[in-house]
Amino acid sequence: MTAHTQIHGDVAVITLDNPPVNGLGLSTRQAIVAGLEQAEADPAVKAIVITGAGKAFSGGADIKEFGSPKAIQEPNLLSVIRAVENTSKPVVAALHSVAMGGGLELALGAHYRIVAPGCSIALPEVKLGLIPGAGGTQRLPRVVGVEAALNMIVSGEPVKAELLAGVPGQKLFDKLAASPESLAEEALALAREVAAKHAADGTPFPLVRNLPCKHKDGDAYFQFARNMVKGMAKNFPAPAKCVDAVEAATKKKFEDGMAFERETFINLMWTSECRSLRHLFVAERAASKIPDVPEDCPKRDIKSVGIIGAGTMGGGIAMNFLNAGIPVKMLEMKQEALDRGVGVMRSNYEAQVKKGKLKQDKLDQRMALLSTTLSYDDLKDADLVIEAVFEEIGVKEAVFKELDRVCKPGAILASNTSTLDVDAIANFTQRPQDVVGMHFFSPANVMKLLEVVRGAKTAHDVLATVMAISKKIKKTAVVSGVCDGFIGNRMIEQYGRQGGFLLDEGCTPQQVDKAIEKFGFAMGPFRMGDLAGNDIGWAIRKRRYVEKPNMKYSKTADLLCEKGRFGQKTGAGWYDYVPGKRDAIPNAEVEQMIADHRASLGITPRRISDEEIVQRLVFSLVNEAAHILEEGIANKASDIDIVYIFGYGFPAYRGGPLNYANEIGLFNVVQAMKRFAKNPLDDANFWQPAPLLARLAAEGKTF
Ligand code: NAI
């Protein structure tokens, strides 16, 4: 059973019990209705309490049911809520921990609500490209006011129960329990109290639907809200619909508002944005699953971390562990380097304090967990050591030999290398099974993505441990096999190559950037190059010219680097930069350089449409991803989507490159590639669809 009913004297307690978050799937809904019927039929029962077992009241709809017939099969959530409202005995919802989405909507159908402090309250549907679909947009404004409700619905962000309970005039909670532990007892007492009251005075049970819903400034307020949302929501359709639905709550009769909400919800459900965001939701949860590493695989204890190198990456990586309360020891070759690294970390934290994002005592606590050393012997007790030294195989060799010498047996030895062979690094030690890649993205204390690079000999429990620790430090980890560039950078190389060809054929950097930013990318390839440093790509290309002499490249980026225009760090790259600002200012000299180079190749520039720009950039990612998938470098297509959304600014509402390709239809993707292959200025070899892609397209399938 996914909910069970127990009789406590004169109160029936229906407990949702569908771990992990008591999702309101079909069997849970059926069990709630069964509980209500049992309580109705039992003359000894005078009142009903609905609560949740374990770690939640309810996290809401069961997302696995979305789009399946089960989601709407009766009793659907609307019918369950109606059944609660119509029960002839008073119903008290007892909320704790998490009451979100459908869970909150269910509670809003109850006659009374009691909440434990600490409970997170939210209607997060907007994050999945939806609006609440079981009365949330109509009932929440009636209990917390129009503005507070709209803020919650448009942002999807959780609010703590005690904050809401403290709002004057709120009708969301009838009672704030003293503590989570006393909630059950207090809920029973409240149920008995209200049952006695209604028996005595004969008044009807209070229903949220009967409360008034008005905003004093009506139209003016909603116009203001619409403008705000338009600015923030960019290409997302759902936030604007949240405003419409809440406005309907203030203007329509309750049942008409419900019908409006329902219709809007169903229309959004079938949009590509909603499908993509749901894909992302599932993909993020699936990323930590590794086919041959069972979830119950034993994990090693990580109580302390060593970090080698206190540079850009080492410092950022260290902050992640300090934030999670895990002590870090940083090692460098010279005291000055340590001092510099620690100074940067401290000033990063101080900036957060200045912005009010971090309390001073938290800063002190975190910095107190940090220690430094110049001696490898001090790392002998570390459970995990992450190396972030210069990207040179000789330096890595020296470091890993030292680690092998001093680290205790069972310590995990990780490298943050972005291009070097993790198997070669593992083989510098006598314990390659304990070696793994942990490829963080810059800035490492901010970017959510972590590529976990699995070497040929990496042990299962090492992988399981690293995946678990990545959750602790709030990263979304994806496993990659060993190859040049792993998943993300291997794909970005092809994307960058297309960017170069587009310049040669007639585009300006800003035209390319604008087109792909309009598509939804956080940043176009040239602004991104300026941010990361154009010299990094230059170094990789120089290597490629030797390794793959037949691979075609635009030389424009090399010419740029020869001018020393490495990007933001030199104040000039594809664009100019004013110190202290990140605005990219187009530069006439760079445009002339591109035009001159084009002329020297005898190319007559042509006008290239935004559509072609976007397709060439995105499909280059798709084709390389198909190779990566086929070679087993990535375990599943959704992992690649996660890498691109969390590491490269791919628009979330498009669900990642492979989800986007599925949405377009793989047949169409392949047709476009065939067209691009005919362009003599492009790379015909590259545009041969990867065998996996060709096969799926021919069979009418998806990734
Ligand atoms: P960095 O130059 O800022 O820092 C490297 C630090 O390592 C320096 O402080 C240096 O003194 C120290 N170091 C060098 N050799 C050492 C040794 N033998 N023992 C102890 N310390 C030593 O470099 P960054 O950018 O932090 O890169 C570090 C690693 O992270 C490289 O492998 C790089 O490929 C990788 N990486 C860099 C990214 C980036 O965006 N910067 C992104 C992802 C990975």
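Residues numbered from 1 in each chain as written. Predicted model: local features only at pLDDT ≥ 70, side-chain atom pairs only at ≥ 80, totals over all residues. Heavy atoms only, no water.

Novice: Run through helix 8 (residues 183-201), naming residues and quoting values.
Specialist: For helix 8, spanning 19 residues, the distance from its first C-alpha to its last is 27 Å, which sits close to the expected 27 Å at 1.5 Å a residue. Along helix 8, the positions that sit buried rather than exposed are Leu 183, Glu 186, Ala 187, Leu 188, Leu 190, Ala 191, Val 194, Ala 195 and His 198. The inward-facing, buried residues of helix 8 abut strand 1 (3-8), strand 2 (11-16), strand 3 (47-52), strand 4 (91-95), strand 6 (112-115) and strand 9 (175-176). Of the residues one or two after helix 8, Gly 202 is the one with positive phi, at around 70°. (Helix = DSSP H or I, 4+ residues; strand = E, 2+ residues; numbered from the N terminus. Expected span 1.5 Å × (residues − 1). Buried < 20%, exposed > 50% of the residue type's maximum accessible area, 1.4 Å probe, protein only. Contact = heavy atoms within 4.5 Å.)

Novice: Quick one: what's the story with unusual backbone geometry, residue by residue and with numbers?
Specialist: Cis geometry is found at the peptide bond from Pro 19 to Pro 20, where omega equals 5°. Inspection of the secondary structure puts Pro 20 in the loop between strand 2 and helix 1 (26-41). The omega torsion of the bond from Ser 442 to Pro 443 falls at -10°, within 30 degrees of zero and hence cis. Mapped onto the secondary structure, Pro 443 falls in the loop between strand 15 (435-440) and strand 16 (449-453). The phi dihedral of Phe 486 falls on the positive side, at around 50°, and the residue is not glycine. By relative accessible area, Phe 486 is classed as buried at 0%.

Novice: Describe helix 24 (residues 588-600), with residues and values.
Specialist: Counted at 1.5 Å a residue, the expected span for helix 24 with its 13 residues is 18 Å, and the 18 Å between its end C-alpha atoms agrees. All of the buried residues in helix 24 are Val 590, Met 593, Ile 594, His 597 and Arg 598. Buried residues of helix 24, viewed axially, fall in a sector of 135°; they line one side. Turned more than 90 degrees off the buried face of helix 24, the exposed positions are Ala 588, Glu 589, Ala 599 and Ser 600. (Arc of directions from axis to C-beta.)

Novice: Account for the sheet that holds strand 16, naming residues and giving values.
Specialist: Strand order in this open sheet of eight strands is 12-11-10-13-14-15-16-17, and the pairing throughout is mixed. At either end of the open sheet lies a strand with only one pairing partner, and these are strand 12 (370-373) and strand 17 (476-480). With strand direction ignored, the average angle separating the axes of adjacent strands in the sheet is 25°. As judged from the five bridges shared by strand 16 and strand 17, these two strands associate in the parallel manner. Paired with Leu 450 across the strands is Ala 477, a residue of strand 17. (Pairing = 2+ DSSP bridges. Axes fitted to C-alpha atoms, helices over the stretch in contact; angles between N-to-C directions.)

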